[in-house]
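# Tertiary structure, described
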Amino acid sequence: MPSFQVLEPLKYDGKRYAPGQTITLDERTAAELRPYGVIGGTFAPAAPAPQGPPVGGAGGEGTPLPETFPGREPLEAAGIRFVEQLADKAADDLTQIKGIGPATAKAILAARDELKA
């Protein structure tokens with residue numbers, strides 16, 4: 001089943017979802033919710049980890065974004081789960097991600113630089 005980004009607060013199947021989170025829905029349910037503007041985008045099911053040299057951290061995946069990392073939920077919804085994936089990102093790149101504005105982008109870059117130090 002595909003995943004969708006939550007755009008507005010949503011209560012579904014007894015759980016609450018905040019904007020920026022992802023939710024997995026069947027196509028029929030997604031078609032019913034889409035006109036209300038509470039979900040958007042379609043994300044393919046998680047792909048297997050790419051093959052290649054390790055990026056860093058345990059297990060070769062990288063350094064996971066800390067729980068308190070600014071903009072963590074929108075970043076993860078966009079597939080960015082490791083600090084190393086932010087290495088070549090600029091503020092303009094980050095503001096293209098749903099749920100990240102200029103102030104959050106600046107905070108993300110500062111947190112990234114602090115973790116690299």
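Since the structure is predicted, the reported quantities are computational estimates derived from the model, not experimental observations.

Another aspect to go through is the pattern of salt bridges. The tally for this structure, following the rule as stated, stands at 4 salt bridges. In this structure, R28 engages E32 in a salt bridge whose closest nitrogen and oxygen atoms are separated by 3.6 Å. Here R28 and its partner E32 are both found in helix α1 (residues 27–33), 4 residues apart, which amounts to about one turn of the helix. Note that D113 is salt-bridged to R112, the shortest N-O span being 3.0 Å. On the accessibility criterion, D113 (38% relative accessible area) is partly exposed.

On to the confidence of the model for the protein chain. Taken as a whole, the protein chain shows an average pLDDT of 81; of its residues, 81% reach a score of 70 or greater. The spread of mean pLDDT over the elements of the protein chain runs between strand β5 (residues 39–43), the lowest at 70, and helix α3 (residues 91–94), the highest at 92.

For D13, which is not glycine, the phi torsion reads 55 degrees and is therefore positive. Here D13 is to be found in the loop between β2 (10–12) and β3 (15–17).

Generally speaking, soluble globular proteins have nonpolar side chains that are buried together. Counting residues in hydrophobic clusters, the biggest one holds 13 residues, and the most contacted among them are F69, L75, L86, L94, I100 and I108. For this core, the element with the highest residue contribution is helix α4 (residues 102–116), accounting for 4 residues. Beyond its immediate stretch of four places on either side in the chain, F69 contacts L75, L86, I108, A111, R112 and L115. Among the nonpolar cores identified, the runner-up in size contains 10 residues, and L10, L25, V38 and I39 belong to it.

Moving on: α4. Along its 15 residues, α4 runs 21 Å from first to last C-alpha, staying within 8% of the 21 Å computed at 1.5 Å per residue. Taken together, the buried positions of α4 are occupied by A105, I108, L109, A111 and R112. One side of α4 carries all its buried residues, which in axial view fall inside an arc of 165 degrees. For α4, the exposed residues set more than 90 degrees away from the buried face come down to A103, K106 and E114. Along its buried surface, α4 packs onto α2 (72–77) and α3.

Let's shift gears to the side chain of R112. Turning to its location among the elements, R112 is positioned in helix α4. Apart from the residues within four sequence positions on either side, R112 is in contact with F69, V83, L86, A87 and K89.

What counts and how
- Residues numbered from 1 in each chain as written.
- Predicted model: local features only at pLDDT ≥ 70, side-chain atom pairs only at ≥ 80, totals over all residues.
- Heavy atoms only, no water.
- Salt bridge = Lys/Arg side-chain N within 4 Å of Asp/Glu carboxyl O.
- Helix = DSSP H or I, 4+ residues; strand = E, 2+ residues; numbered from the N terminus.
- Buried < 20%, exposed > 50% of the residue type's maximum accessible area, 1.4 Å probe, protein only.
- pLDDT = per-residue confidence, 0-100.
- Core = buried A, V, L, I, M, F, W, Y, C linked by side-chain atoms within 4.5 Å.
- Contact = heavy atoms within 4.5 Å.
- Expected span 1.5 Å × (residues − 1).
- Arc of directions from axis to C-beta.

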